[in-house]
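Topology and contacts: notes
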Amino acid sequence: GAWDDELVDYFTAFRNLLEATPIYREVFAYRARLLFTRAAFAPAIFRRLDDGLSLFMRAGLSAEQAAEAFNACSNFTRGFVILEHGLESESVDPAMTEKLHHLDASKFPTLGQLEDFERVMWLDDNQFQFGLRLLIAGIRQQYALH
C-alpha cells in the first residue's frame, strides 16, 4: 500500500499494543531505552524499529531523516496513549458544555463558538488518526515527498 497508509497502520498497531498491555505502556512511556538493553527483548524491538524506519525510507527519506520522522510519530503515539489513560480516570463534567455557552464572548471569542467543550480535549480513535495523518502530512511537506 501507500507508505503513508502503512505508517498509519504501523502506529495504530503500536497504539493498540500500548493500550492493551499496561506493562508495555509503562515501559514505552517512561523507560523505552531499557528495552534495548534487555537481551530477551532487544532483537524484537530492533526488528520492529527497523520495519518502521524502512517505511519512511521507502517514501524517499534518508536513514537520518527517517529516524527524525519516526521519532516524531512515535512520540505522538506514546504521548497520545499517556493522555488517554490519564483522562480515563477523570469524569466528564456535563456542566462544562453549559458553562462554555455562558462564557463572556468578549473574553473568550473562540471557545464560545464551540458546541461541545470536549472538542478541545477529545481523545478517541478518530482524533488519533487525524493527528497522525496531520503529522504525516507535515513530514511529507517538510521532505517534499509524494
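Our subject is the structure listed above.
The shown structure was predicted, so the numbers you read here are calculated from the model rather than taken from an experiment.

1. Focus on the overall build of the protein chain
- Secondary structure assignment for the protein chain yields 7 helices and 0 strands.
- Its helices and strands in sequence order give the protein chain the pattern α-α-α-α-α-α-α, from N to C terminus.
- Relative to its length of 146 residues, the protein chain is extended, with a C-alpha radius of gyration of 19 Å against a globular reference of 15 Å.
- Taking the principal axes of the C-alpha coordinates as reference, the protein chain spans close to 55 × 40 × 25 Å.
- Pairs at least 24 residues apart make up 66% of the contacts formed inside the protein chain by residues separated by at least 6 positions.
- For the protein chain, the accessible surface area stands at approximately 9,500 Å², while carbon and sulfur atoms represent 57% of it.
- Each charge sign in the protein chain was given a centre, from 14 positive and 21 negative side chains, and these centres are 7 Å apart.

2. Here we look at a nonpolar patch on the surface
- There is a patch of nonpolar side chains on the surface, built from Leu17, Ile23 and Tyr24 and spanning about 260 Å² of accessible area.
- As for its placement among the helices and strands, Ile23 is situated in helix H2 (residues 22-30).

3. Digging into the packing of aromatic side chains
- Inspection of the entire model under this criterion finds 8 aromatic pairs.
- Following the ring pairs from residue to residue traces out a cluster consisting of Tyr10, Phe11 and Phe70.
- Sitting above the plane of the Tyr10 ring, Arg48 keeps its charged end 4.2 Å from the centroid.

4. Things to note about the layout of surface pockets
- Estimates place the volume of the largest pocket at around 610 Å³.
- Lining the largest pocket we find 21 residues, and of these Phe28, Phe36, Ile45, Leu49 and Phe70 sit closest to its centre.
- Looking at the lining of the largest pocket, the elements with two or more residues in it are helix H1 (3-20), H2, helix H3 (32-37), helix H4 (42-58) and helix H5 (63-88).
- Tallied by class, residues from the lining of the largest pocket come to 16 nonpolar, 2 polar and 3 charged.

5. Things to note about the pattern of salt bridges
- Within the structure shown, the criterion is met by 6 salt bridges.
- Between Asp5 and Arg133 there is a salt bridge, with the nearest N and O atoms lying 3.3 Å from each other. With Asp5 in helix H1 and Arg133 in helix H7 (residues 125-142), this pair connects stretches of sequence that are 128 residues apart.
- Asp5 gets classed as partly exposed once you look at its relative accessible area, which sits at 36%.
- Among the salt bridges present, the one from Asp125 reaches Arg15, with a minimum N-O distance of 2.8 Å. Of the two residues, Asp125 is situated in helix H7 and Arg15 in helix H1; the sequence distance between them amounts to 110 residues.

6. Some words on H7
- With 18 residues, H7 ought to run about 26 Å at 1.5 Å a step, and its terminal C-alpha atoms sit 26 Å apart, in line with that.
- Residues Phe128, Gly131, Leu132, Ile136 and Ile139 constitute the buried set of H7. Along the axis of H7, the buried residues cluster in a sector spanning 135°; they form a single face. In H7, the exposed positions angled more than 90 degrees off the buried face are occupied by Asn126, Leu134 and Gln141.
- Among the structural elements, H1, H4 and H5 are those in contact with the buried residues of H7.
- Residue Asp124 occupies the N-cap position of H7, its side-chain oxygen lying 3.2 Å from the main-chain nitrogen of Asn126.
- In the stretch just after H7, Ala144 is the one whose phi turns positive, near 50°.

The rules behind the values
Residues numbered from 1 in each chain as written. Predicted model: local features only at pLDDT ≥ 70, side-chain atom pairs only at ≥ 80, totals over all residues. Heavy atoms only, no water. Helix = DSSP H or I, 4+ residues; strand = E, 2+ residues; numbered from the N terminus. Rg over C-alpha atoms; globule rule 2.2 N^0.38 Å. Contact = heavy atoms within 4.5 Å. Areas by Shrake-Rupley, 256 points an atom, 1.4 Å probe, with all protein chains shown as cover. Lys, Arg positive; Asp, Glu negative; His and termini not counted. Charge placed at Lys NZ, Arg CZ, Asp CG, Glu CD. Patch = residues over 30% accessible without salt bridge, like charges linked within 9 Å, V, L, I, M, F, W, Y side chains within 5 Å. Salt bridge = Lys/Arg side-chain N within 4 Å of Asp/Glu carboxyl O. Phe/Tyr/Trp six-rings, centres within 6.5 Å; stacked < 30°, edge-to-face > 60°. Lys NZ or Arg CZ within 6 Å of the ring centre and 35° of its normal. 1 Å grid on protein atoms, 1.4 Å probe; cavity = no way out; pocket = protein on both sides within 12 Å on 5 of 7 lines; lining within 4 Å. Points joined across faces, edges and corners; volume = space filled by probe spheres on them. Nonpolar A, V, L, I, M, F, W, Y, C, P; charged D, E, K, R; others polar. Buried < 20%, exposed > 50% of the residue type's maximum accessible area, 1.4 Å probe, protein only. Expected span 1.5 Å × (residues − 1). Arc of directions from axis to C-beta. Polar contact = N/O pair within 3.5 Å; in protein donor to acceptor, adjacent residues only side chain to side chain.

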